[in-house]
Amino acid sequence: DTAVSQTPKYLVTQMGNDKSIKCEQNLGHDTMYWYKQDSKKFLKIMFSYNNKELIINETVPNRFSPKSPDKAHLNLHINSLELGDSAVYFCASSPPQLAGGLETQYFGPGTRLLVL
Amino acid sequence: SQKIEQNSEALNIQEGKTATLTCNYTNYSPAYLQWYRQDPGRGPVFLLLIRENEKEKRKERLKVTFDTTLKQSLFHITASQPADSATYLCALFLYNQGGKLIFGQGTELSVKP
């Protein structure tokens, strides 16, 4: 009965590889997000989707491409991985605005990415 | 652009005391301020939200204040317990920017028995 789930939990890969991280939420939320938490624990938003439509796209390299096949899933694909991409990536979701809960975000457990 | 800072990276207190964490922000635009708890190896968990027209919000042993003049929020945990030890993150919710959350760097709270 996990609310927001991410796979894989750990990802170790070589520089230059392409990898994907998957996120799924079973809360019926309309909006999903990707965040990056660096080694100093600083959490920064990367992307946000509402009903499969991109609504927030921060200054993120083009190598990062989110994909939302339906409103319950938001995957993150990373091309040509670099050392600086090593971080913890969190997926999150939030309920519809009309439900009065847009402000509250529910986070997944994170994917720890290490690029060697 | 909006910026949010938490005034200490770490805070150590004795069990039973009140922990007070501070969050300051700049270039405020219509927003709400939120507090999250993050345990090691886990994602942040929402605790409390306070709106710009609210001065104070409470939930059990937690209390949040919001001073839009000082551009500051204080987060209090009364009667602290070792189980309260975690990193606490404040975040500005930007309602007019697609619901973007801008996080502070976090304060790691350690409550000693």
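Below you will find a few notes about this structure. All values derive from a computational prediction rather than experimental measurement.

## What about the overall build of chain A?
Part 1: Of regular secondary structure, chain A possesses 0 helices and 11 strands.
Part 2: Reading chain A from its N end, one meets helices and strands in the order β-β-β-β-β-β-β-β-β-β-β.
Part 3: A globule of 116 residues ought to have a C-alpha radius of gyration of about 13 Å, and chain A, at 14 Å, matches this closely.
Part 4: Along the first, second and third principal axes, the C-alpha atoms of chain A reach 45 × 25 × 25 Å.
Part 5: Scored against the burial criterion, the 116 residues of chain A give a buried share of 47%.
Part 6: Summing over all exposed atoms, chain A offers an accessible surface of approximately 5,800 Å²; the carbon and sulfur share of this is 51%.
Part 7: Within chain A, the 11 negative side-chain charges are centred at a point lying 7 Å from the centre of the 12 positive side-chain charges.

## Here's the deal with the nonpolar core
Part 1: Core analysis: the largest hydrophobic core is formed by 24 residues, its most contacted members being B:Ile4, B:Leu33, B:Trp35, B:Phe75, B:Ile77, B:Tyr88 and B:Leu109.
Part 2: Elements with a contribution of two residues or more to this core: strand E3 (19–26), strand E4 (31–38), strand E5 (45–50), strand E7 (62–67), strand E8 (72–77), strand E9 (86–94) and strand E11 (107–112) of chain B.
Part 3: Considering each element in turn, this core owes the most residues, 5 residues, to E9(B).
Part 4: Counting residues in each nonpolar core, the second largest holds 20 residues, with A:Trp34, A:Met46, A:Ile78 and A:Val115 among its members.

## Comments concerning the state of the cysteines
A covalent bond bridging the sulfur atoms of two cysteines is what the word disulfide describes.
Part 1: Applying the stated criterion to the full structure yields 2 disulfides over all chains.
Part 2: One disulfide bridge connects A:Cys23 with A:Cys91, the sulfur atoms lying 1.8 Å from each other. Negative torsions about the S-S bond denote left-handed disulfides, and the value of about -75° found for A:Cys23 with A:Cys91 makes this one left-handed. Highlighted residues: A:Cys23 in strand E3 (residues 19–25) and A:Cys91 in strand E9 (residues 87–94), separated in sequence by 68 residues. The two residues A:Cys23 and A:Cys91 agree in class, both being buried.
Part 3: Sulfur-sulfur distance for the disulfide between B:Cys23 and B:Cys90 comes to 2.0 Å. A torsion of 75° about the S-S bond marks the disulfide between B:Cys23 and B:Cys90 as right-handed. Highlighted residues: B:Cys23 in strand E3 and B:Cys90 in strand E9, separated in sequence by 67 residues.

## Digging into the sheet that holds E8(B)
All names here are of chain B.
Part 1: Across the sheet, which stays open at both edges, the 5 strands sit in the order E1-E3-E8-E7-E6 with antiparallel pairing between neighbours. Either end of the sheet is taken by a strand with one partner, and the two such strands are strand E1 (3–6) and strand E6 (56–59). Each strand axis lies, on average, 15° off the axis of its neighbour in the sheet, ignoring direction.
Part 2: With 4 bridges connecting them, E6 and E7 associate as antiparallel partners. Across the sheet, Lys59 pairs through a bridge with Leu62, a residue of E7.

## Brief notes about the sheet that holds E3(A)
All names here are of chain A.
Part 1: Read from one edge of the open sheet, 4 strands run E1-E3-E8-E7, paired in antiparallel fashion. With one partner strand each, in any of the chains shown, strand E1 (4–7) and strand E7 (64–70) form the two edges of the open sheet. Strand-to-strand twist across the sheet, computed as the mean angle between neighbouring axes with direction ignored, equals 20°.
Part 2: Pairing analysis gives 4 bridges linking E3 to strand E8 (residues 73–78), with the strands arranged antiparallel. Bridging from a neighbouring strand, Glu24 pairs with His73 of E8.

## Focus: the side chain of B:Thr65
Residue and element names in this part refer to chain B.
Part 1: Looking at where Thr65 falls in the secondary structure, it is placed in strand E7.
Part 2: Using a relative accessible area of 19% as the deciding quantity, one classes Thr65 as buried.
Part 3: Not counting chain neighbours up to four residues away, the residues in contact with Thr65 comprise Ile50, Lys55, Glu56, Gln72, Ser73 and Leu74.

Rules behind the numbers
- Residues numbered from 1 in each chain as written.
- Chains lettered and ligands numbered in written order.
- Predicted model: local features only at pLDDT ≥ 70, side-chain atom pairs only at ≥ 80, totals over all residues.
- Heavy atoms only, no water.
- Helix = DSSP H or I, 4+ residues; strand = E, 2+ residues; numbered from the N terminus.
- Rg over C-alpha atoms; globule rule 2.2 N^0.38 Å.
- Buried < 20%, exposed > 50% of the residue type's maximum accessible area, 1.4 Å probe, protein only.
- Areas by Shrake-Rupley, 256 points an atom, 1.4 Å probe, with all protein chains shown as cover.
- Lys, Arg positive; Asp, Glu negative; His and termini not counted.
- Charge placed at Lys NZ, Arg CZ, Asp CG, Glu CD.
- Core = buried A, V, L, I, M, F, W, Y, C linked by side-chain atoms within 4.5 Å.
- Disulfide = S-S within 2.5 Å.
- Pairing = 2+ DSSP bridges.
- Axes fitted to C-alpha atoms, helices over the stretch in contact; angles between N-to-C directions.
- Contact = heavy atoms within 4.5 Å.

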